[in-house]
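Architecture at a glance
Here is what each chain is made of, one letter per residue.
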Amino acid sequence: MKKDNIIIFDTTLRDGEQSPGASMNIEEKIKIAKCLAKLNVDVIEAGFAFSSPGDFEAVKRVGMEVKGPTICSLARCKPEDIDTAWEALKHAEKPRIHTFISTSDIHLKYQFRMTREQALERAVEMVARAKGYVDDVEFSPMDATRTEPSYLYQMVEAVIEAGATTVNIPDTVGYSMPYEFGKLIRGIKETVPNINKAVISVHCHNDLGLATANSLAALQNGAMQVECTINGLGERAGNAALEEIVMAVKTRKDFFFLGTQANTKEIMKASTMVSRITGINVQPNKAIVGANAFAHESGIHQDGVLKEKETYEIMSPTSIGLKKNTLVMGKHSGRHAFRKHTEEMGYNFSDDEINSLFERFKLLADQKKEIFEEDIEAIIADDIYRISEHYNLKHLLVSSGTEQKPQANITLAIDGKDHEGEGAGDGPVDAAFMLIQKMTDTNYKLLSYSVKSITGGTDALGEVSVRLKHNDNIVHGNGSDTDIILASAKAYVNALNRMHYKKTKKKQRSV
Ligand code: KIV
Ligand code: ZN
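Residues numbered from 1 in each chain as written. Chains lettered and ligands numbered in written order. Predicted model: local features only at pLDDT ≥ 70, side-chain atom pairs only at ≥ 80, totals over all residues. Heavy atoms only, no water.

Focus on the coordination of the zinc ion (ligand 2)
Those donors, Asp15 (OD), His203 (NE2) and His205 (NE2), are the protein atoms that reach the zinc ion (ligand 2), and they lie 2.0 to 2.1 Å from it. The sequence pattern describing where the donors of the zinc ion (ligand 2) fall on their chain is D-x187-H-x1-H. Of this pair, aspartate 15 sits in the loop between strand 1 (7-10) and helix 1 (26-38) while histidine 205 sits in the loop between strand 7 (199-204) and helix 8 (211-220), placing them 190 residues apart in sequence. In this structure aspartate 15 comes out as buried when scored by relative accessible area, which is 3%. Exposure remark for histidine 205: the relative accessible area of 4% places this residue in the buried category. (Donors = N, O, S within 2.8 Å, 3.2 Å for Na, K, Ca; no water. Helix = DSSP H or I, 4+ residues; strand = E, 2+ residues; numbered from the N terminus. Buried < 20%, exposed > 50% of the residue type's maximum accessible area, 1.4 Å probe, protein only.)

Focus: a nonpolar patch on the surface
Residues Leu446, Tyr449, Val451 and Ile484 make up a contiguous nonpolar surface patch of roughly 310 Å² in combined accessible area. At 3 residues, the largest contribution of residues to the nonpolar patch is made by strand 14 (residues 445-453). Relative to the helices and strands, valine 451 is located in strand 14. Accessibility expressed as a relative area gives 40% for valine 451, which makes it partly exposed. (Patch = residues over 30% accessible without salt bridge, like charges linked within 9 Å, V, L, I, M, F, W, Y side chains within 5 Å. Areas by Shrake-Rupley, 256 points an atom, 1.4 Å probe, with all protein chains shown as cover. Salt bridge = Lys/Arg side-chain N within 4 Å of Asp/Glu carboxyl O.)

A look at the pattern of salt bridges
Overall, the coordinates contain 28 salt bridges when judged by the stated rule. Salt-bridge contacts for arginine 61 lead to glutamate 65; the nearest nitrogen and oxygen are separated by 2.7 Å. Of this pair, arginine 61 and glutamate 65 are both found in helix 2 (residues 53-65), 4 residues apart, which corresponds to roughly one turn of the helix. For glutamate 65, a relative accessible area of 32% puts it in the partly exposed group. Residues glutamate 344 and lysine 340 are paired through a salt bridge, measuring 3.4 Å at the closest nitrogen-oxygen approach. On the criterion of helical spacing, the pair formed by glutamate 344 and lysine 340 is a turn pair, its members being 4 residues apart in helix 13 (residues 335-344). With relative accessibility at 55%, the residue glutamate 344 sits in the exposed group.

Observations regarding the packing of aromatic side chains
All chains considered together, the criterion is met by 9 aromatic pairs. Arranged with centres 6.5 Å apart and planes meeting at 80 degrees, the rings of phenylalanine 48 and phenylalanine 100 form a pair that is edge-to-face. Of the two residues, phenylalanine 48 sits in the loop between strand 2 (43-47) and helix 2 while phenylalanine 100 sits in strand 4 (residues 95-102), which places them 52 residues apart along the sequence. On the basis of relative accessible area, phenylalanine 100 is assigned to the buried category, the value being 13%. When the ring of phenylalanine 255 is compared with that of phenylalanine 256, the centres are 5.0 Å apart and the planes differ by 90 degrees; the resulting orientation is edge-to-face. Ring pairing ties together the aromatic residues Phe338, Phe358 and Phe361, which thus form one cluster. (Phe/Tyr/Trp six-rings, centres within 6.5 Å; stacked < 30°, edge-to-face > 60°.)

Here we look at the nonpolar core
With 95 residues, the main nonpolar core has Ile97, Phe139, Met155, Ile169 and Ile188 as its most contacted residues. At 9 residues, the largest contribution of residues to this core is made by helix 6 (residues 149-162). Here this core spans two domains, since at least three of its residues come from each of domain 1 (7-278) and domain 2 (294-322). The contacts of isoleucine 188, once residues within four sequence positions are left out, are Leu152, Tyr153, Val156, Ile169, Ile195 and Ile200. Within the second largest apolar cluster, 27 residues are counted, among which are Ala432, Met439, Val464 and Ala495. (Core = buried A, V, L, I, M, F, W, Y, C linked by side-chain atoms within 4.5 Å. Domains from an automatic or database assignment. Contact = heavy atoms within 4.5 Å.)

Overview of the packing of helix 6 against helix 7 (residues 178-191)
In a pair of packed helices, the angle between the axes and the distance between the axes together describe the arrangement. The geometry of helix 6 relative to helix 7 is characterised by a closest axis approach of 10 Å and an angle of 55 degrees between their N-to-C directions. Looking at the two axes, helix 6 sits oblique to helix 7. By crossing handedness, the relation of helix 6 to helix 7 is classed as right-handed. Residues Leu152, Tyr153 and Val156 of helix 6 form the contact with helix 7, whose own contacting residues are Leu184, Gly187, Ile188 and Thr191. Its residues assigned to classes, the contact of helix 6 with helix 7 comprises 5 nonpolar, 2 polar and no charged. (Axes fitted to C-alpha atoms, helices over the stretch in contact; angles between N-to-C directions. Parallel < 35°, antiparallel > 145°, perpendicular 65-115°, else oblique. Left-handed = near helix turned anticlockwise from the far one by under 90°. Nonpolar A, V, L, I, M, F, W, Y, C, P; charged D, E, K, R; others polar.)

Concerning the site of ligand 1
The environment of ligand 1 is formed by Arg14, Asp15, His98, Phe100, Ser140, Met142, Asn168, Pro170, Thr172, His203 and His205. Taking arginine 14, its side chain carries an N or O atom lying 3.0 Å from an oxygen atom of ligand 1. Between an oxygen atom of ligand 1 and a side-chain N or O atom of threonine 172, the distance comes to 2.6 Å. When isolated, ligand 1 has an accessible area of 260 Å², and the protein chains bury 95% of it. Among the elements of the structure, strand 4, strand 5 (137-142) and strand 6 (166-171) are those that each provide at least two residues to the shell around ligand 1. (Near = heavy atom within 4 Å. Polar contact = N/O pair within 3.5 Å; in protein donor to acceptor, adjacent residues only side chain to side chain.)

Some points on the pairing of strand 4
With 8 of 8 residues buried, strand 4 is to be regarded as a mostly interior element. What you see with strand 4 is no split at all: Pro95, Ile97, Thr99 and Ile101 on one side and Arg96, His98, Phe100 and Ser102 on the other are buried throughout. Of the strand pairs in this sheet, strand 3 (residues 70-76) and strand 4 are connected by 6 bridges, and their pairing is parallel. If you follow arginine 76 over to strand 4, its bridge partner there is phenylalanine 100. (Pairing = 2+ DSSP bridges.)

As for the sheet that holds strand 6
Read once around its circumference, the closed barrel built from 8 strands follows the order 1-2-3-4-5-6-7-8, with strand pairing classed as parallel. Averaged over all pairs of adjacent strands, the angle between strand axes in this sheet comes to 25 degrees, irrespective of strand direction. Both strand 4 and strand 5 contribute to a ladder of 6 bridges, which runs parallel. Within the sheet, the bridge partner assigned to isoleucine 101 lies in strand 5 and is proline 141. Seen against the sheet, helix 7 touches strand 6 and strand 7 and runs at an angle of roughly 155 degrees to strand 7.

As structure tokens, then:
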């Protein structure tokens, strides 16, 4: 690793998954982890092994199947957490245990019910315990930005003495201002006597919209690791967005004199994958990965860009892997050409997967004259990311018009057995959703419903996203088709399958 390269620590699978409704299953986590490895991040925090059997399995499988980055598990400063983290990580090529305890008086008094001395003693003990398993140990003093600095310095010194190789300073509640946060990092660098034995890391939340700014201020003041997530996912308002950190450091190398080893051309792919898997759409004006991030609307800007891109573009769309809508295939393309194209797009599917995708591609090519790369991405998302199907939509017929109350006829396989039904609704989508609810004997709250067109034209694929809530469970579902009523029904059934999966999953251990 180059001396001036910062360490990109991705926590999409851990803190990112803490975004409301963003839970992912193991296969989805592995897909994202492989995508992060292609992006060449340095560390992947794959989960919090002790928190649930699902997280344990995710850390274990990411550690066994994803090569390249260091694989990390979060662990509270408790012996059972540290031991479980190691149990999950022990097969990984490059394992890291990340342990944390709060250090602010408000957390210690009300949440941990500990004195400062007790927290310090526990942190030292648990770092030493983790060190007994693995050399690479990270420690986080949670709520560091609301911790009394002299105690924070004392804690950082003690955990480094106990063996921590990375000390991560979290702005847990997104409270700090960039100048202040930079000063805190500088204070640690200049005051803690053994600080040169560890890497200073930062972990910033976005409650005041300052997560990226705070992380960058920390880099100017001696931090060399940034914890971040794809699309800025994370608890509450999220974490610093990986794409913003990486592109800021790259675009303003003249200012930071730092670099990363990230392969920025994989950013767009990672952003799309995370958004599809979690069902959390990226806002159009989101920096770097939003749909409008490279769109020039004003006449003056368009004129400038046509004459010379650099007039209004500080980075090129291709540097994050954005391509123009490229026409890729047509009705007559064969299976071999299709496989080759998916390989060029960076996928490596099994024969069965290719067969299933190719069927969908052929159906689409019959409905749509031109097939673009985005269409193939949507087919892949629809087909491969589909969760195991308890409910399977086999047939849908919806009729509606100016003189007719919308009516739906549906055949739905439930646990392998076909059921037929018919029903009416206020609109065609409502008729389909109401009937599916009735047939599945479910009554979940529809939190959101959105449709977007994948490419232009009236024959474009429509991608529908729905979000359902039942008690504390929130799930999303996606579906795509040239017929948006069918896409809607597919998305609804996909969400029901996720809810079913979530409910049948073993009860999570509480943390
Ligand atoms: O926000 C936070 O403080 C965390 C820690 C566990 C690092 O996520
Ligand atoms: Zn966090």
